[in-house]
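# Reading the structure
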Number of protein chains: 2
Amino acid sequence: MQVDSSGLQVLSRAECLDLLSTAPIGRIVFTDQALPAVQPVNFHLDGHSIVIRTSTGSKLAAATRRAVVAFEADEFDLERRTGWSVTAVGLARAVTDPTERDRLAELPLTTWAPGNRDHYIVVEAEQVSGRRIAD
Amino acid sequence: MQVDSSGLQVLSRAECLDLLSTAPIGRIVFTDQALPAVQPVNFHLDGHSIVIRTSTGSKLAAATRRAVVAFEADEFDLERRTGWSVTAVGLARAVTDPTERDRLAELPLTTWAPGNRDHYIVVEAEQVSGRRIAD
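Rules behind the numbers
- Counting from 1, residues in each chain are numbered in the order their sequence is written.
- Note on labels: chains are lettered from A, ligands numbered from 1, in written order.
- Restriction of local features to residues with pLDDT of at least 70 applies here, the model being predicted, together with a cutoff of 80 or more for giving and counting side-chain atom pairs; totals for whole chains, interfaces and linings are based on all residues.
- The basis for every side-chain value is the complete set of non-hydrogen atoms in the structure, without hydrogens or water.
- When the copies are overlaid, the least-squares fit takes in C-alpha atoms only where the residue has pLDDT of at least 70 in both copies.
- Two residues form a contact once any of their heavy atoms are found within 4.5 Å.
- Per the convention used, a helix needs a DSSP run of H or I reaching at least four residues, while a strand needs a run of E reaching at least two, with both numbered from the N terminus.
- Buried area, as used here, totals the accessible surface that two parts lose on assembly, with accessibility defined by a 1.4 Å probe and the loss added over both.
- Each reported salt bridge corresponds to a side-chain nitrogen of Lys or Arg within 4 Å of a carboxyl oxygen of Asp or Glu.
- Definition of a polar contact: a pair of N or O atoms within 3.5 Å, with one able to donate and the other able to accept a hydrogen when the atoms are protein atoms, and with sequence-neighbouring residues admitted only if both atoms are side-chain atoms.
- Gly is put with the polar residues, along with every residue not named as nonpolar or charged; the nonpolar set is Ala, Val, Leu, Ile, Met, Phe, Trp, Tyr, Cys and Pro, and the charged set is Asp, Glu, Lys and Arg.
- Exposure is judged per residue with a 1.4 Å probe applied to protein chains only, and the accessible area is read against the type maximum: over 50% gives exposed, under 20% gives buried, and values in between give partly exposed.

## Considering the relation of the copies chain A and chain B
Screw-axis analysis of chain A against chain B gives a translation of 0.0 Å along the axis, an RMSD of 0.0 Å, and a rotation angle of 180 degrees. Between the two chains, the operation in question is that of a two-fold axis. Residues of chain A ranked by C-alpha distance from the rotation axis are headed by A:Val29, positioned 3.6 Å from it. Take the interface residues of chain A: 100% of them recur as interface residues in chain B, which is what a same-surface contact looks like.

Set out below in structure tokens:
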């Protein structure tokens, strides 16, 4: 078991992707008008791709067009003070191909926020890293 | 009640700070080697300042030295599909004044990660925004 300089367990890429596939909510980290920005979103892990639904005119859609973004999910147990976090960094792209959009529309991905959300953003999980705080 | 273009309730600054004061964990968003980075941390809200403890040699300490960062906390109810998120954006600074460090050391701020964490980072919550998804 590998441990980092902070004493946290280092997760493998496979462990990170397994954990990401269990999380209903993650946070997309991007730049908005030259400032750091972060927004929680529902997502679905489709192979090595993080799929997010939003509305076409949203700030998120505009700010993540062919941008390198980070995507983070985590889960913590407040009683036991344990938990994990996984971060993926990669290129975000808007899905414009109708065939791909139709395929993504079949994924089990429902957003909690109201409104029409027919715009898909895909983040390729190029760099993946994760840590665990164990008992 | 104000609602944004995504149909989410817009929280006031006072509501945002109240919610931040209840959260044990947040996520600091910064830039690391020109890439977006995000790291979960324990924190304490001290007035309008977010106080974080880390180790002196950590990547977080190096990357947030006089940088504008974002800080996010949230809480979601997976059953009811409700929740809130708050984001603060502001200047991060390392605490170097011994008097201030002694005062911060008295705060109820314990980190879950092991190791010596005697380096304090303070993020001034200059811009604060928050959203709620209600029933």
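Now, onward.
## Overview of unusual backbone geometry
Residues and elements named next belong to chain A. A positive phi angle is found at alanine 34, which is not glycine, with a value near 70 degrees. The topology assignment puts alanine 34 in the loop between β2 (25-32) and β3 (35-42). The phi angle at arginine 81 is positive, at roughly 55 degrees, despite the residue not being glycine. Summarising the element assignment, arginine 81 is placed in the loop between β6 (68-77) and β7 (82-94).

## Some words on the interface of chain A and chain B
Across the boundary between the two partners, chain A contributes 32 residues, which contact 32 residues of chain B. Summing the contributions of chain A and of chain B, the shared interface buries around 2700 Å²; its carbon and sulfur component is 71%. Remark: the boundary between chain A and chain B carries four salt bridges. Here A:Glu72 ties to B:Arg27 by a salt bridge, and the two come within 3.6 Å at their closest N and O atoms. One can count four residue pairs in polar contact (both at pLDDT 80 or more) joining chain A with chain B. If you list the elements that add at least two residues to the side of chain A that touches chain B, you get β2, β3, β6, β7 and β9 (127-133) of chain A. With seven residues, β6(A) is the single largest residue contributor to the side of chain A that touches chain B. Within the side of chain A that touches chain B, the residues separate by chemical class into 19 nonpolar, seven polar and six charged.

## Some points on the environment of A:Ser55
Residue and element names in this part refer to chain A. Counting through the fold element by element, serine 55 comes out in the loop between β5 (49-54) and α2 (59-63). Separated by 65 residues in sequence, serine 55 and tyrosine 120 have C-alpha atoms that sit 8.2 Å apart. Look past the residues within four positions of serine 55 in its chain and what remains in contact with it is Ala61, Asn116, Arg117 and His119.

## Regarding the environment of A:Ser129
All names here are of chain A. Relative to the assigned elements, serine 129 resides in strand β9. Residue classification places serine 129 among the partly exposed positions, given a relative accessible area of 38%. Filtering out sequence-adjacent residues up to four positions away, serine 129 remains in contact with Cys16, Ser85, Val86 and Thr87.

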